[in-house]
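What the coordinates show
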Amino acid sequence: MAADLRDFIRDRIRRDLDGGGAGVVTRFPPEPNGYLHVGHSKSICLNFGVAQEFGGKTYLRYDDTNPERESTDFVEAIQNDVAWLGFDWEGPTFASDYFEELYRFAEQLIERGKAYVCSLTADEIRRTRGTLTEPGTPSPHRDRAIAENLDLFRRMRAGEFPDGEHVLRARIDMASPNVNMRDPILYRIRHATHHRTGDDWCIYPMYDFTHCICDALEGITHSLCTLEFEDHRPLYDWVLDNIAVNFHPPQIEFSRLEVEYVVMSKRLFAALVDGGHVTGWDDPRMPTLAGMRRRGYTPAAIRELCRRIGVTKSENRIEYELLEFCVRRDLERAPRGMAVLDPLRVVLTNFQAAAETLSAAWHPQHPDLGNREMTFSEVLYIDRDDFMETPPPKYRRLTPSGMVRLRYGYIIICDEVVKDAAGTIVELRCRYVPESKSGSDTSGLKPKGVIHWVDAGTAQAASVRLYERLFTEANPTSANYLEVLNPNSLRVMDGWVEPAVVASGERAFQFERLGYFVKDDVDYAPARPVFNRTVALRDSYKPKVP
RNA sequence: UGGGGCGUCGCCAAGCGGUAAGGCACCGGGUUUUGAUCCCGGCAUGCGCAGGUUCGAAUCCUGCCGCCCCAGCCA
């Protein structure tokens, strides 16, 4: 399966396996302090993907070592998102599952003279860490006796000290050119309630101490993370080399996924929500998986994106068009329907009979999807921009005394343009050609265009949301995101949709010539349909503007 | 100015000494009762720059240049 995927990580795994490595075990390790976004999908698809391809397994492991920002709500939301993307995990497990073992390894480090309790203030620690070009200076507590360190650390755990009084530090090298190795902090005192362990603990392990040990304990064969952790790899290795653990996973780094016109920081997400610029974390304009789901992006499309972008160490920012391509590609097989978003009334002056019932395929290339029925009668709606009084050259829609095919219906010819006092077109009076019925046309007429329409008598009123990019610049930053916010990112249309779409149990449709639309997860009701436009159709129509 | 990374077409990305894959985008053309889909074709004498090694270099060597990350008791 997916044997065609090739990148430096998969190559590495293949080599490890050929060299006698036993199986593949990976992990996706989010901190439960926010919602997942597209960026995470690269890590998810990579970790779960390689495990699937090599017959291994993947843990969903929550890195919950900072109780003040984490919650079970996020734990659940993250699980929903990973499941939605289509992956099954081992677990879930939590770093907090290992708090007791982690603590014992910390004592072991102390006993081995590899860690000490430092009583400097946070500020003092920062000042003595040195700079990027100057070495740090050793803490006065660096050579504290082992017994004293042990006693202090146990009392830290027992809750004898307030936050900030002491920390446990690794005893490595204050002069290391790698700042992460200058006696990094392993444990800090935090009198806070943890979402899972409650008040059992008042000391919490830091990421660098926790992550590598959890990887080892779970038998992770390949610990995949993003580039910014490259500098942490020596510390990852140092911890495992200095405790009694018999497994040492390799940490392998790859570059994050970035997308043009998209911000990926939780801080910015919160600012957008709090500022009322979007309606919530699941607003269809948000790059969160929840937002994309509501927008109508499909799991398969996101997986396809991750497949196409590859895995490398080069920083990248992919064009939004690639994501849209993947979405359209997956949605191509969606059933078709017709909707009119900006209605213009068309009266067929020669249509005398009662409404006629027409039949149309749900998908022109997939007859297996069956057919739906629609009515055709004297009064119809077409979209305003499908009529022009003075059309540009090559215009293939309706014009005064011009003719056009109504998709799945009849050819109509425009006889009269009715305007109100202000000069706005309010109605078109047309003739239809009775012998031009779709599928049994004997008229011999060859209209140059086909447009969509709905029957005013049976169409259902629908609210349709059209989206544009949230930002007007490809590279919004935390500094300028407010200035480059797109004021037109949401446009709500009061339109009409053919009744079969509402009656259908399907969620996603292509409204012909308009794009792909999805019934909104939260606001849709059959009596009051609400659709979100997932993505517009590709459009190669480019009128020559002088 | 310390350390760690990265530089191949507008955006991704193969390539690992034998003479620049592929995708997206873009541009042409064909089919089409969606200006969609689908199908064909075009799109890097050049791989950050400059030297060098070699019969031969994007690939090896040397020196530059540019960009990213690191000085949280965040992850």
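Overview of the structure. (Residues numbered from 1 in each chain as written. Chains lettered and ligands numbered in written order. Predicted model: local features only at pLDDT ≥ 70, side-chain atom pairs only at ≥ 80, totals over all residues. Heavy atoms only, no water.)

This brings us to the overall build of chain A. Counting its regular elements, chain A contains 13 helices and 25 strands. Scaling as 2.2 N^0.38, a compact globule of 546 residues should have a C-alpha radius of gyration of about 24 Å, whereas chain A reaches 31 Å, well beyond that. In terms of overall dimensions, chain A has C-alpha extents of about 100 × 55 × 45 Å along its principal axes. When each of the 546 residues of chain A is scored for burial, the buried share is 53%. Summed over all atoms, the accessible surface of chain A reaches about 24,400 Å², with 49% contributed by carbon and sulfur. The averaged location of the 82 negative side-chain charges in chain A is 5 Å from the averaged location of its 69 positive side-chain charges. (Helix = DSSP H or I, 4+ residues; strand = E, 2+ residues; numbered from the N terminus. Rg over C-alpha atoms; globule rule 2.2 N^0.38 Å. Buried < 20%, exposed > 50% of the residue type's maximum accessible area, 1.4 Å probe, protein only. Areas by Shrake-Rupley, 256 points an atom, 1.4 Å probe, with all protein chains shown as cover. Lys, Arg positive; Asp, Glu negative; His and termini not counted. Charge placed at Lys NZ, Arg CZ, Asp CG, Glu CD.)

Before going further, it helps to examine the protein's contact with RNA strand B. In the region of RNA strand B, 66 residues are neighbours, and R308, R336, R407, S438 and Q510 sit closest. Restricting attention to atoms of RNA strand B within 4 Å of the protein, one finds that 64% of them are sugar or phosphate atoms. A122 places a main-chain nitrogen or oxygen 3.0 Å from a base nitrogen of RNA strand B. One of the backbone N or O atoms of R396 is found 3.1 Å from a base oxygen in RNA strand B. Within the residue set of the surface near RNA strand B, elements represented by two or more residues are α5 (122-127), β6 (185-189), α11 (299-309) and α12 (320-331). (Near = heavy atom within 4 Å. Polar contact = N/O pair within 3.5 Å; in protein donor to acceptor, adjacent residues only side chain to side chain.)

As a further point, take helix α1 (residues 8-18). Turning to α1, its buried residues are I9, R10 and I13. Viewed along the axis of α1, the buried residues span an arc of 95 degrees, placing them on a single side of the element. More than 90 degrees from the buried face of α1, the exposed residues found are R15 and D18. Along its buried surface, α1 packs onto α2 (38-53), β8 (223-226) and β9 (251-254). Two to three positions downstream of the cap, the backbone nitrogen of I9 sits 2.9 Å from a side-chain oxygen, assigning the N-cap of α1 to D7. (Arc of directions from axis to C-beta. Contact = heavy atoms within 4.5 Å.)

A few words now on the nonpolar core. Grouped together as the largest cluster of nonpolar side chains are 37 residues, with contacts concentrated most on F153, L168, Y187, F209 and I213. If you list the elements that add at least two residues to this core, you get α4 (99-111), β4 (115-118), α6 (146-158), β5 (167-170), β6, β7 (203-205), α7 (207-217) and α8 (233-241). Here this core takes 7 residues from α4, the largest share from any one element. Core analysis: the second largest hydrophobic core is formed by 36 residues, V38, V259, I302 and V535 among them. (Core = buried A, V, L, I, M, F, W, Y, C linked by side-chain atoms within 4.5 Å.)

What follows is about the pairing of strand β1 (residues 25-28). Burial of β1 is two-sided: the residues V25 and R27 facing one way and the residues T26 and F28 facing the other way are all buried. Pairing between β1 and strand β2 (residues 57-62): 4 bridges, direction parallel. Residue pairing across strands places F28 opposite L60, the latter belonging to β2. Regarding topology, α2 serves as the crossover connection from β1 to the parallel β2, and that connection is right-handed. (Pairing = 2+ DSSP bridges. Right-handed = clockwise from strand over helix to strand, strands pointing away.)

To continue, consider the pairing of strand β21 (residues 460-467). Within β21, 6 of the 8 residues are buried, leaving the element largely enclosed by the surrounding structure. Here 8 bridges tie β21 to strand β22 (residues 490-497), and the two strands are oriented antiparallel to one another. Following the sheet pairing, S463 is matched in β22 by D494. The pairing of β21 with strand β25 (residues 530-535) spans 3 bridges and is classified as parallel.

Moving on, we come to the environment of I412. Here I412 shows up in strand β17 (residues 411-419). C-alpha separation for the pair I412 and Y432, spaced 20 residues apart in sequence, amounts to 4.2 Å. Aside from chain neighbours lying at most four places away, what touches I412 is V346, L348, L398, G402, M403, V404, L406, C430, R431 and Y432.

Read from one edge of the open sheet, 3 strands run β1-β2-β3, paired in parallel fashion. The open sheet has two edge strands, β1 and β3 (90-94), and neither has a second partner. Shown here is a sheet whose adjacent strand axes are inclined to one another by a mean of 30 degrees, direction ignored. Of the pairings in the sheet, the one linking β2 to β3 comprises 3 bridges and is parallel in character. Across the sheet, residue R61 finds its bridge partner in β3, namely T93. Sheet strands in contact with α2 are β1 and β2, and its direction is about 160 degrees off that of β1. (Axes fitted to C-alpha atoms, helices over the stretch in contact; angles between N-to-C directions.)

Time to look at the pattern of salt bridges. What the rule picks out here adds up to 50 salt bridges. Two residues, D7 and R10, come together in a salt bridge whose shortest N-O distance is 2.7 Å. No difference in accessibility class separates D7 from R10, as the two residues are buried. What emerges from the salt-bridge pattern is a single network uniting D282, R294, R465, D520 and D523. (Salt bridge = Lys/Arg side-chain N within 4 Å of Asp/Glu carboxyl O.)

Since the α-helix packs 3.6 residues into each turn, any two residues three or four apart lie on the same face. A rise of 1.5 Å per residue sets the reference length of α2, with its 16 residues, at 22 Å; its end C-alpha atoms lie 22 Å apart and thus fit the reference within 8%. Judged by how many residues are buried, α2 sits mostly within the fold: 15 of 16 residues are covered. Just downstream of α2 lies G55, where phi reads positive at about 70 degrees. (Expected span 1.5 Å × (residues − 1).)

Here we come to the sheet that holds β6. Pairing within the open sheet is antiparallel, and its 4 strands lie in the order β4-β5-β6-β7. Two strands bound the open sheet, and with one partner strand each, they are β4 and β7. Taken over all neighbouring pairs, the strand axes of this sheet differ in orientation by 20 degrees on average, direction set aside. Alignment of β6 against β7, held across 3 bridges, turns out to be antiparallel. Considered in β7, the bridge of R188 is made with Y204. Contacting β4, β5, β6 and β7, α4 runs over the sheet at an angle of about 120 degrees to β6.

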